[in-house]
Amino acid sequence: MSEVGRIAFDAYEAVVAASSDFAPRLGQRQMAKLVASVMARGTLDRAEPEPDRAIAVIDAGTGVGKSLGACVPAIAAALERKARVLISTATVNLQEQLI
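None of the values given here were measured: they were computed from a predicted structure.

A full pass over the atoms with the stated rule returns one salt bridge. Measuring nitrogen to oxygen at the nearest pair gives 3.1 Å for the salt bridge that ties Glu 13 to Arg 29. Within this pair, whereas Glu 13 is found in helix α1 (residues 3-18), its partner Arg 29 is found in helix α2 (residues 26-41), the two being separated by 16 residues in sequence. Among the residues examined, Glu 13 registers a relative accessible area of 28% and is labelled partly exposed. In this structure Arg 29 comes out as partly exposed when scored by relative accessible area, which is 36%.

The following block contains the structure:
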């Protein structure tokens with residue numbers, strides 16, 4: 001994993017470690033690692049005619065922890081790369097929970 005990927009994944013690990021009553025979830029950890037890796041791979045330079053794209057499609061059931069597993073590493077990678085990240089949700093209710 002690249003340096004940006006490690007920084008993004010370490011951010012997830014730090015959030016988990018800082019929450020004393022948090023129950024770690026294997027699926028959430030695997031998702032966070034995948035998101036960190038994917039966010040570190042894509043090319044963000046707009047001047048490049050054919051940017052490298054990095055995409056992950058993740059499907060998980062209720063209670064896996066998709067919001068934390070995806071948002072923390074995505075935001076950490078974006079901050080490290082001085083980029084933006086767009087997080088889209090299927091419902092307004094989930095959007096309000098994330099805000």
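For the structure on display, the rule yields one aromatic pair. In this structure, Lys 33 is placed above the aromatic ring of Phe 9, and the distance from its NZ or CZ to the ring centre is 5.8 Å.

What counts as what
Residues numbered from 1 in each chain as written. Predicted model: local features only at pLDDT ≥ 70, side-chain atom pairs only at ≥ 80, totals over all residues. Heavy atoms only, no water. Salt bridge = Lys/Arg side-chain N within 4 Å of Asp/Glu carboxyl O. Helix = DSSP H or I, 4+ residues; strand = E, 2+ residues; numbered from the N terminus. Buried < 20%, exposed > 50% of the residue type's maximum accessible area, 1.4 Å probe, protein only. Phe/Tyr/Trp six-rings, centres within 6.5 Å; stacked < 30°, edge-to-face > 60°. Lys NZ or Arg CZ within 6 Å of the ring centre and 35° of its normal.

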